[in-house]
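# Coordinates in review
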2 protein chains.
Amino acid sequence: MLKLYSFGPGANSMKPMLTLFEKFELDREFEVHRIDPSKFEHHSNWYKAINPRGQVPALEDNGRIVTESTVICEYLEDAHPTSVKLRPDDPYDRAQMRVWTKWVDEYFCWCVSTIGWHRGVRYMAQALSDEEFEAHLKNIPIPEQRVKWRHAREGFPQDMLDEEMRKIGVSVRKLDDHLANNEWLAGGMFSLADICNFAIANGMELGFAEQVNKHDTPHLIRWIEQVNARPRVQEMFARIPREHLGPPKE
Amino acid sequence: MLKLYSFGPGANSMKPMLTLFEKFELDREFEVHRIDPSKFEHHSNWYKAINPRGQVPALEDNGRIVTESTVICEYLEDAHPTSVKLRPDDPYDRAQMRVWTKWVDEYFCWCVSTIGWHRGVRYMAQALSDEEFEAHLKNIPIPEQRVKWRHAREGFPQDMLDEEMRKIGVSVRKLDDHLANNEWLAGGMFSLADICNFAIANGMELGFAEQVNKHDTPHLIRWIEQVNARPRVQEMFARIPREHLGPPKE
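The notes below deal with the structure included here.

### Some remarks on helix H8 (residues 192–201) of chain A
Each full turn of the α-helix corresponds to 3.6 residues, which orients residues three or four apart in the same direction. Residue and element names in this part refer to chain A. Of all 10 residues making up H8, 10 are buried, and the element is well covered by its neighbours. If you check which residues of H8 are buried, you get Leu192, Ala193, Asp194, Ile195, Cys196, Asn197, Phe198, Ala199, Ile200 and Ala201. If you check the start of H8, you find a side-chain oxygen 3.1 Å away from the backbone N of Ala193, and it comes from Ser191.

What follows is the structure, encoded as structure tokens:
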């Protein structure tokens, strides 16, 4: 049985999760072991024994661990081909798919992530005492992640937030332009390019409504709705709870 | 005939170039069209008609253009399988290969690139008059690249250079640790993981001798020598000239 260690269906965790849902049956062919970010479970020793980088997601397949969300998606296609194909057969189309998944990993996910941390993870970081926070930082293996947690606690510099919002603007414009003339992102089919971009873009019509809306990005909105209408996407959201990080409830 | 548009054999240009040399015969099966960085040829209109992002490398295959160095490498394996296999067959090993190529693109290449710009591109940028420089910036399609050129001309902030040197330290330690117990980076064979990392690491024993040397990183040095000993690597260096950017000669 394939086993995915991940947060709920959002961001990098959603990439392999949706790939699994599209290809396989939950409980019969794969299971999802949810890691609780509010308990910093991804930085716990038991999880770092699985992924020493302390990052989700990770896939366990017959005793072997595959990490890095986009790599896991391609691995599932390589190791477990099914009748559901999520990569174009034509090498040129497949290359276009990879240009899109690479762009998510190198550009799109980072700007959205920083704003997400500013709006959500910040409250987790600020709820800790100084002692608890410093003790927690020691559990985080990646130096750049420690810096990000410190930023979340102290507040991201405004010029950084402004720059990330600029990049979000570039990103949604790029997606909308491409989707104006294409039903899907690559190869004329629903592929890992759509999965990896949807993992970041879904919900932006709520959280970034001033940039992602029917007036400014109609094609992106159409595509987000189109992915959300897929039966396996609906099953994923129905069966795997989402986290709701944010300001403490009144 | 496959046609690669690229700079000389270094950094991102070297990734598909070495892949081509390992798999095919120069002049008979592929050609290399060298773009002259000292003439800003990659920002010229004729080249931006090929790659609108104004970045090298780009591959032309039967009238179609594939961009992004790592994507091109995988494309060559997908579209033109030959007896020379540069990807492991086992899906798990292939995933490990992709973790390494992804790491180059997201971490290793950037820190080395910034120092390379500081040491080389800076002199090109500073040789221009203010007017020439501003006119040139207008030809660069990617906003982040315009910022990088401005940094190169005005000088990269010292804290940025320090941070990149720290990341270079992390990178060469990571490579050396892994190569201590592995002949090649992934799957027990020379693969795209080695090609993409070698494209960045080769020459560091000269340019970063305080960090990459027989005492501190013996396994990395052994691997760099091992790749350099490959006949097709030697052929590549013999046949395709390298650029020598740097301070003006006395």
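### Points about the packing of aromatic side chains
Tallied over the entire structure, the rule returns 22 aromatic pairs over all chains. Arranged with centres 5.1 Å apart and planes meeting at 85 degrees, the rings of Phe21 of chain A and Phe30 of chain A form a pair that is edge-to-face. We classify Phe21 of chain A as buried; its relative accessible area is 0%. Ring pairing ties together the aromatic residues Trp100, Trp103, Tyr107 and Phe108 of chain A, which thus form one cluster. The aromatic ring of Phe133 of chain B is capped on one face by Arg153 of chain B, whose charged end is 4.7 Å from the ring centroid. One residue, Arg230 of chain B, lies across the ring of Phe190 of chain B, its end atom 3.6 Å from the ring centre.

### Quick look at the environment of Glu205 of chain B
Residue and element names in this part refer to chain B. In this fold, Glu205 is placed in helix H9 (residues 204–207). Sequence separation of Glu205 and Ile35 is 170 residues, and the distance between their C-alpha atoms is 26 Å. If we ignore the near neighbours within four places in the chain, the residues touching Glu205 are Val212, Ile221 and Ile224. Only 3.1 Å separates the side chain of Glu205 from the backbone nitrogen of Gly203, close enough to count as a polar contact.

### Some words on the interface of chain B and chain A
Contact with chain B, which involves 30 residues of that partner, is made by 30 residues of chain A. Summing the contributions of chain B and of chain A, the shared interface buries around 2,400 Å²; its carbon and sulfur component is 58%. Run the count over chain B and chain A and you get 10 salt bridges. Between Asp90 of chain A and Arg64 of chain B there is a salt bridge; the shortest N-O distance is 3.3 Å. The tally of links between chain B and chain A comes to 10 residue pairs in polar contact (both at pLDDT 80 or more). Among the secondary structure elements, those contributing two or more residues to the side of chain B that touches chain A are strand S4 (64–67), helix H3 (69–79), helix H4 (91–126), helix H6 (143–154) and helix H7 (158–180) of chain B. Tallied by class, residues from the side of chain B that touches chain A come to 11 nonpolar, 3 polar and 16 charged.

### Focus: the side chain of Ser13 of chain A
Take Ser13 of chain A: it is sitting in helix H1 (residues 11–23). Apart from the residues lying within four places of it in its own chain, the contact partners of Ser13 of chain A are Leu4, Ser6, Phe7, Gly8, Val56 and Pro57 of chain A.

### Some thoughts on the nonpolar core
Among the nonpolar cores identified, the biggest contains 72 residues, and Leu59, Phe108, Trp149, Phe198, Met204 and Trp223 of chain B are the most heavily contacted of them. The contacts of Leu59 of chain B, once residues within four sequence positions are left out, are Leu2, Lys3, Leu4, Leu20, Arg64, Ile65, Val66, Ile72, Tyr75 and Leu76 of chain B. Within the second largest apolar cluster, 71 residues are counted, among which are Phe30, Phe133, Phe156 and Leu179 of chain A.

### Observations regarding the pairing of strand S1 (residues 2–6) of chain A
Side chains on a regular strand alternate between the two faces of the sheet. Residues and elements named next belong to chain A. Burial analysis of S1 places 4 of its 5 residues in the buried class, the great majority of the element. Note: S1 against strand S2 (residues 30–34), 5 bridges, orientation parallel. The residue of S2 that forms the bridge with Lys3 is Glu31. Once the chain exits S1 it traverses H1 before rejoining the sheet at S2, and the crossover so formed is right-handed. Across 3 bridges, the pairing between S1 and strand S3 (residues 58–61) is antiparallel. Opposite Leu4, over in S3, you have Leu59 as the bridge partner.

### Looking at the pairing of strand S3 (residues 58–61) of chain B
Residue and element names in this part refer to chain B. Both S3 and S4 contribute to a ladder of 4 bridges, which runs antiparallel. The residue of S4 that forms the bridge with Asp61 is Arg64. Linking two consecutive strands that pair antiparallel, namely S3 and S4, is a turn of 2 residues; a positive phi of about 55 degrees is found at Asn62 within it.

### Topic: the side chain of Arg94 of chain A
Along the chain, the position of Arg94 of chain A falls in helix H4 (residues 91–126). Buried within the structure, Arg94 of chain A lacks any salt-bridge partner; Asp89 of chain A is the closest side chain of opposite charge, at an N-O distance of 4.1 Å. Excluding its chain neighbours within four sequence positions, the residues that come into contact with Arg94 of chain A are Arg87, Pro88 and Asp89 of chain A together with Asp78 of chain B.

### Some thoughts on the relation of the copies chain B and chain A
At an RMSD of 0.0 Å, chain B and chain A line up after a rotation of 180 degrees and a shift of 0.0 Å along the axis. Look at the turn and shift together and you get a two-fold axis relating the two. No C-alpha of chain B lies nearer the rotation axis than that of Glu106 of chain B, which sits 3.1 Å from it. Interface overlap between copies is the fraction of interface residues in one copy that are interface residues in the other; for chain B against chain A it reaches 100%, indicating a shared surface.

Rules of the game
- Residues numbered from 1 in each chain as written.
- Chains lettered and ligands numbered in written order.
- Predicted model: local features only at pLDDT ≥ 70, side-chain atom pairs only at ≥ 80, totals over all residues.
- Heavy atoms only, no water.
- Buried < 20%, exposed > 50% of the residue type's maximum accessible area, 1.4 Å probe, protein only.
- Helix = DSSP H or I, 4+ residues; strand = E, 2+ residues; numbered from the N terminus.
- Polar contact = N/O pair within 3.5 Å; in protein donor to acceptor, adjacent residues only side chain to side chain.
- Phe/Tyr/Trp six-rings, centres within 6.5 Å; stacked < 30°, edge-to-face > 60°.
- Lys NZ or Arg CZ within 6 Å of the ring centre and 35° of its normal.
- Contact = heavy atoms within 4.5 Å.
- Buried area = accessible area lost by both parts, 1.4 Å probe.
- Salt bridge = Lys/Arg side-chain N within 4 Å of Asp/Glu carboxyl O.
- Nonpolar A, V, L, I, M, F, W, Y, C, P; charged D, E, K, R; others polar.
- Core = buried A, V, L, I, M, F, W, Y, C linked by side-chain atoms within 4.5 Å.
- Pairing = 2+ DSSP bridges.
- Right-handed = clockwise from strand over helix to strand, strands pointing away.
- Lys, Arg positive; Asp, Glu negative; His and termini not counted.
- Least-squares fit on C-alpha atoms with pLDDT ≥ 70 in both.

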